2 protein chains.
Amino acid sequence: MPKRVDHEERRRLIAGALWRIASTRGLEGASLRDVAAEAGISLGQLQHYFAGKDEMIVFALEHISTLGEERIRRRITALTEEPAPRTVLRECAAGMLPLDDESRTGLLVGIAYFIRALGDERLRRHAQEGQPALRAFLADQFRQAAEAGDTVPGLDPDTEAMLLIALTDGLTSSALLEVITPEEALELMDRHLDRLFVG
Amino acid sequence: MPKRVDHEERRRLIAGALWRIASTRGLEGASLRDVAAEAGISLGQLQHYFAGKDEMIVFALEHISTLGEERIRRRITALTEEPAPRTVLRECAAGMLPLDDESRTGLLVGIAYFIRALGDERLRRHAQEGQPALRAFLADQFRQAAEAGDTVPGLDPDTEAMLLIALTDGLTSSALLEVITPEEALELMDRHLDRLFVG
DNA sequence: TTCTTTTCAAGTCGATCGTATTGAATCCTG
DNA sequence: CAGGATTCAATACGATCGACTTGAAAAGAA
């Protein structure tokens, strides 16, 4: 049987099992044995594909973040071509909210990773890397909207980008805690955008 | 030596040790042995004051949330008497941001608890309890400001209260991850309030 | 004093963790 | 076919976890 396996696909299979466990019990609560059992393989097999737990976590996180990016990209391209900045911003925010199971699981894993990063200098640097690009992209959308006269006057794109990210994060937390529903979170985001755009 | 100890004070001492460890390694990473060592007592002594780890965590969380409430209350009463709603809202938000070591530690412990609550029905109910009161308080401040004509027109107090909470949470996350500084977080919160109030 | 209660130190228990080792089965290459 | 490389199952190891038991020391009650 050996040698005929697709290494990457096997790793993605294991990553999926890790998500399902980590989304309910956290990354610390996901033992290698549990992950292997969830994936339907043996501990030995899992260890063949990942040298250690850290390597497995890093792979799973990068994979799930890739899926998240693709999901947002799909949301945007699914719209009319040349969508207005406000629409793009809304779909970005919506893609980062836990509106379906995939994004919900991804966010829970992301939070579990966030916790690890809080106490780990190296992980924290890694977690910080993704933000600037997103922030720049959102700021650019605000800039375009402002130039087109679609926003209220006196609005700083960089400030609004950061506020939008923070607001999305906070709404996500409340939705995951079931203080509000995901739909309410999206509605609140819309009310926020209402205040920034004219018409 | 026995019999002459203050039970509650001993429990608070242990809770303090738990915070210091949990704020860097999470609640799961804080073993009873580590907490006892941090508190400068033996494992046996710790176990004498808490029947189990869960009991210790619940006590520590309730204690730290009490401290947080007192901190915010102090911030508000430290202002001029009869402060304007905007000022009250700003101080509330500031009190929930990680601007000093005490609040920073408290928030990290709160997040560690938040993670536990995500996968635990009982803890989740408990975590949800605090929100409505805060939300109602903030909404009332917005209502007062609106009636005084201090806010922009067409502003829903309940919506704004929820947005303020979510924004504070999100800014806190970014500040803890050191994507922004706590001071930047407070500034962003001010910019947000700028948009809601006139003058 | 004697007895009871409180306080806590010390040690142990079984479970579980991440990791390492070993070796067999299988396929690919020469 | 021979032989190395790949794949994986099985098992074990040392560390660490929360929980528990035991018993001694000290203070108040009788």
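Model, not experiment: these values are computed from the prediction. (Residues numbered from 1 in each chain as written. Chains lettered and ligands numbered in written order. Predicted model: local features only at pLDDT ≥ 70, side-chain atom pairs only at ≥ 80, totals over all residues.)

**Remarks on the relation of the copies chain A and chain B**
For these two chains of identical sequence, chain A goes onto chain B by a turn of 180° and a shift of 0.0 Å along the axis, with RMSD 0.1 Å. These values place the two chain copies in the arrangement generated by a two-fold rotation axis. Of the residues that chain A buries at the interface, 100% are likewise interface residues in chain B, meaning the two copies contact each other through the same surface. (Least-squares fit on C-alpha atoms with pLDDT ≥ 70 in both. Contact = placed C-beta atoms within 7 Å.)

**A closer look at the interface of chain A and chain B**
With 36 residues of chain A in contact, the opposing surface of chain B contributes 36 residues. When residues of the side of chain A that touches chain B are traced back to their parent elements, those giving at least two are helix 1 (7–25), helix 6 (101–118), helix 7 (121–147), helix 8 (157–176) and helix 9 (182–196) of chain A. The element best represented in the side of chain A that touches chain B is helix 8 of chain A, accounting for 13 residues. In the side of chain A that touches chain B, the residues fall into 18 nonpolar, 11 polar and seven charged. (Helix = DSSP H or I, 4+ residues; strand = E, 2+ residues; numbered from the N terminus. Nonpolar A, V, L, I, M, F, W, Y, C, P; charged D, E, K, R; others polar.)

**Observations regarding the packing of helix 8 of chain A against helix 9 (residues 182–196) of chain B**
Interhelical geometry of helix 8 of chain A versus helix 9 of chain B gives an angle of 100° and a closest axis separation of 10 Å. Classified by the interaxial angle, the pair formed by helix 8 of chain A and helix 9 of chain B is roughly perpendicular. Judged by residue contacts, Thr159, Met162 and Leu163 of chain A of helix 8 of chain A engage Leu188, Arg191 and His192 of chain B from helix 9 of chain B. Looking at the contact of helix 8 of chain A with helix 9 of chain B residue by residue, the class counts come to three nonpolar, two polar and one charged. (Axes fitted to C-alpha atoms, helices over the stretch in contact; angles between N-to-C directions. Parallel < 35°, antiparallel > 145°, perpendicular 65-115°, else oblique.)

**Structural notes on the environment of serine 174 of chain B**
Tracing the chain through its elements places serine 174 of chain B in helix 8 (residues 157–176). Serine 174 of chain B gets classed as buried once you count the C-beta atoms within 10 Å, which come to 22. Along the chain, serine 174 of chain B and histidine 63 of chain B lie 111 residues apart, while their C-alpha atoms are 25 Å from each other. Sequence-distant contacts of serine 174 of chain B, defined by excluding residues within four places in its chain, comprise Ala166 of chain A together with Val179, Ile180 and Ala185 of chain B. (Buried ≥ 20, exposed ≤ 12 C-beta atoms within 10 Å, placed from the backbone.)

**As for the nonpolar core**
Among the nonpolar cores identified, the biggest contains 104 residues, and Leu18, Ala112 and Leu167 of chain A together with Leu18, Ala112 and Leu167 of chain B are the most heavily contacted of them. Sequence-distant contacts of alanine 112 of chain B, defined by excluding residues within four places in its chain, comprise Ile115 of chain A together with Ala22, Gly26 and Leu27 of chain B. (Core = buried A, V, L, I, M, F, W, Y, C linked by C-beta atoms within 7 Å.)

**Observations concerning unusual backbone geometry**
Positioned with a positive phi, glutamate 82 of chain A is a non-glycine residue whose angle comes to about 55°. Within the fold, glutamate 82 of chain A resides in the loop between helix 4 (53–77) and helix 5 (85–96). The phi dihedral of glutamate 178 of chain B is positive, around 65°, even though this residue is not glycine. Glutamate 178 of chain B gets classed as partly exposed once you count the C-beta atoms within 10 Å, which come to 15.

**Considering the confidence of the model for chain A**
Considering every residue of chain A, the mean pLDDT works out to 92; 98% of them sit at 70 or more. Taking the mean pLDDT of every element in chain A, the minimum, 86, falls on helix 6 of chain A and the maximum, 98, on helix 2 (residues 32–39) of chain A. (pLDDT = per-residue confidence, 0-100.)

**Observations regarding the packing of helix 5 (residues 85–96) of chain B against helix 8 of chain B**
All names here are of chain B. In contact at an axis separation of 9 Å, helix 5 and helix 8 are set at 35° when each is read in the N-to-C sense. Between helix 5 and helix 8 lies a crossing whose hand is right-handed. Contacts between helix 5 and helix 8 involve Leu89, Ala93 and Met96 on the former and, on the latter, Leu164, Thr168 and Thr172. Partitioning the contact of helix 5 with helix 8 into residue classes produces four nonpolar, two polar and no charged. (Left-handed = near helix turned anticlockwise from the far one by under 90°.)

**Regarding helix 9 of chain B**
An α-helix turns once per 3.6 residues; consequently, residues spaced three or four apart project the same way. Compared with an ideal rise of 1.5 Å per residue, which puts 15 residues at 21 Å, helix 9 of chain B spans 22 Å between its outermost C-alpha atoms and is within 8% of the ideal. Of the residues making up helix 9 of chain B, those classed as buried are Pro182, Ala185, Leu188, Met189 and His192 of chain B. Projection of helix 9 of chain B onto a plane perpendicular to its axis shows the buried side chains occupying an angular sector of 120°, all on one side. Seen from the open side of helix 9 of chain B, the exposed residues pointing more than 90 degrees away from its buried face are Glu183 and Asp190 of chain B. Looking at the buried residues of helix 9 of chain B, the elements they touch are helix 8 of chain A together with helix 5 and helix 8 of chain B. (Expected span 1.5 Å × (residues − 1). Arc of directions from axis to C-beta.)

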